[in-house]
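A look at the structure
Read off the chains here:
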Amino acid sequence: MKTRIGVLGPEGTYSEKAALIWSEGMPTASLVYYGDFDGVLRAVEEGELDYGIVPLENSLEGAVTVVNDLLLRMSVVIVGEVNVPVRHCLVGRGEGEIRVILSHPQALAQCRQFIREHYPGAETRTTGSTSHAARLAQEFGEMAAIADAGAAERYGLRILARDVQDVRENVTRFIVAGRQSPPPSGRDKTSLIIHLDQDRPGALYAILKEFAERNINLTRIESRPSRLRLGDYYFYIDLEGHQDNSEVRDALERIRAKAGMVKVLGSYPATAEKDKKIKR
């Protein structure tokens, strides 16, 4: 029986690359392509997929906000993560002057300086994915796409420039969504969302000190507007440890008594440092 893994399509996306890395050694893995991240996570939630792999944050552009918002409202669980080095290329047919550059909004944002310096007169257009941009660039010589080198090969395009991202060390962290948290592995990470409910002096400090007093290291904390009222936020936090560990469990119990909402997104094996430099 196949293990169905959903990713952003069409073929050739960085999401596909993340899925291939994460599922290495899983002979039953089968990739299913979706038009957006919402479709991937919804299919996991409804049981159509075993797993879905979506980007959560990028080292240049920060959080993928749409995915963070989806995690808040959907009933999926983070069961894994994988970090993918991102090496953008400018790809196209290479025929004549480039007037239009296509890509996913995140990719365009990661390559602002290159576009400004080398193609100041080109129009930039957003697409659903980098591979979708590459597929569209097949149609016209005046179009080029920012995509992975593998997408150029897949869609019969020339690589016009390599490493066009503004900073060479560009890494995207992908999460693996499922429906049930794995047991502790001994080297885990837990992700959660906290809503304070009441804005008062020291409210956030009162939450964070519960982690500090137990020597729980926070590896990520950022805010997203709650959309309930101006100045009201959800806080997205990643910490070292599994929710079943006594120290983490105690901290979460204390925080639930202080916060308006605590949603644990999942506990899962953390990516090893050695794996962060994989397959450049």
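This text gives an overview of the structure that appears in the document.

Thresholds applied
Residues numbered from 1 in each chain as written. Predicted model: local features only at pLDDT ≥ 70, side-chain atom pairs only at ≥ 80, totals over all residues. Heavy atoms only, no water. Axes fitted to C-alpha atoms, helices over the stretch in contact; angles between N-to-C directions. Helix = DSSP H or I, 4+ residues; strand = E, 2+ residues; numbered from the N terminus. Parallel < 35°, antiparallel > 145°, perpendicular 65-115°, else oblique. Left-handed = near helix turned anticlockwise from the far one by under 90°. Contact = heavy atoms within 4.5 Å. Nonpolar A, V, L, I, M, F, W, Y, C, P; charged D, E, K, R; others polar. Phe/Tyr/Trp six-rings, centres within 6.5 Å; stacked < 30°, edge-to-face > 60°. Buried < 20%, exposed > 50% of the residue type's maximum accessible area, 1.4 Å probe, protein only. Arc of directions from axis to C-beta. Polar contact = N/O pair within 3.5 Å; in protein donor to acceptor, adjacent residues only side chain to side chain. Salt bridge = Lys/Arg side-chain N within 4 Å of Asp/Glu carboxyl O. Pairing = 2+ DSSP bridges.

Our next topic: the packing of helix H2 (residues 37-45) against helix H3 (residues 65-73). For the pair H2 and H3, interaxial distance at closest approach is 10 Å and the crossing angle is 25 degrees. In terms of their interaxial angle, H2 and H3 are classed as roughly parallel. Here H2 runs over H3; the crossing is right-handed. In contact with Phe37, Asp38, Leu41 and Arg42 of H2, H3 contributes Val66, Val67, Leu70, Leu71 and Arg73. Counted by class, the contact of H2 with H3 contains 6 nonpolar, no polar and 3 charged residues.

Let us look at the packing of aromatic side chains. As enumerated under the stated definition, the model contains 2 aromatic pairs in all. Between the aromatic rings of Trp22 and Tyr51, the centroid separation amounts to 5.1 Å while the plane-to-plane angle is 70 degrees, which identifies the pairing as edge-to-face. With Trp22 in helix H1 (residues 14-22) and Tyr51 in strand S3 (residues 51-58), this pair connects stretches of sequence that are 29 residues apart. Here Phe114 and Tyr119 contribute two aromatic rings whose centre-to-centre distance is 6.0 Å and whose plane-to-plane angle is 55 degrees, an arrangement assigned as tilted. For Phe114, a relative accessible area of 13% puts it in the buried group.

Moving on to H2. If you check which residues of H2 are buried, you get Phe37, Val40, Leu41, Ala43 and Val44. Angular distribution of buried residues about the axis of H2 spans 155 degrees; they occupy a single face of the element. Its buried side turned inward, H2 meets strand S1 (3-8), H1, strand S2 (29-34), S3, H3 and strand S11 (171-178). The backbone nitrogen of Asp38 has a side-chain oxygen 3.4 Å away, supplied by the residue at the start of H2, namely Asp36. Within two residues after H2, Gly47 carries a phi angle of roughly 85 degrees, on the positive side.

Take the pattern of salt bridges next. One pass over the full model with this rule turns up 26 salt bridges. Of the charged contacts, one joins Arg42 and Asp38 as a salt bridge, the two residues approaching to 3.0 Å between their closest N and O atoms. Here Arg42 pairs with Asp38, and both are found in helix H2, just 4 residues apart, close to one helical turn. With relative accessibility at 33%, the residue Arg42 sits in the partly exposed group.

Further remarks concern the environment of Ile101. Within the secondary structure layout, Ile101 lies in strand S7 (residues 100-103). C-alpha separation for the pair Ile101 and Thr126, spaced 25 residues apart in sequence, amounts to 8.6 Å.

Turning our attention to the side chain of His195. Within the fold, His195 resides in strand S12 (residues 188-195). Residue classification places His195 among the buried residues on the basis of a relative accessible area of 6%. Looking at His195, its side chain comes within polar contact range of the side chain of Asp232, at 2.7 Å. Apart from the residues within four sequence positions on either side, His195 is in contact with Ser226, Leu228, Asp232, Tyr233, Tyr234, Ala259, Gly260 and Met261.

Each regular strand carries side chains that alternate between the two faces of the sheet. Here strand S9 (residues 143-147) lies mainly inside the structure; 5 of its 5 residues are buried. Across the two faces of S9 the burial is the same, with Met143, Ala145 and Ala147 and Ala144 and Ile146 all buried. As paired elements, strand S6 (residues 89-92) and S9 share 4 bridges and run antiparallel to each other. In the strand pairing of S9, Leu90 is matched with Ile146.

We now examine the sheet that holds S7. Spatially, S8-S7-S9-S6-S10 is the arrangement adopted by the 5 strands of the open sheet, whose pairing is mixed. Single-partner strands in this sheet number two, and they are strand S8 (123-126) and strand S10 (158-162). Neighbour-to-neighbour, the strand axes of the sheet open up by a mean angle of 30 degrees, direction not taken into account. Where S7 and S8 come together, 4 bridges link them in parallel fashion. Paired with Leu102 across the two strands is Arg125, which belongs to S8.

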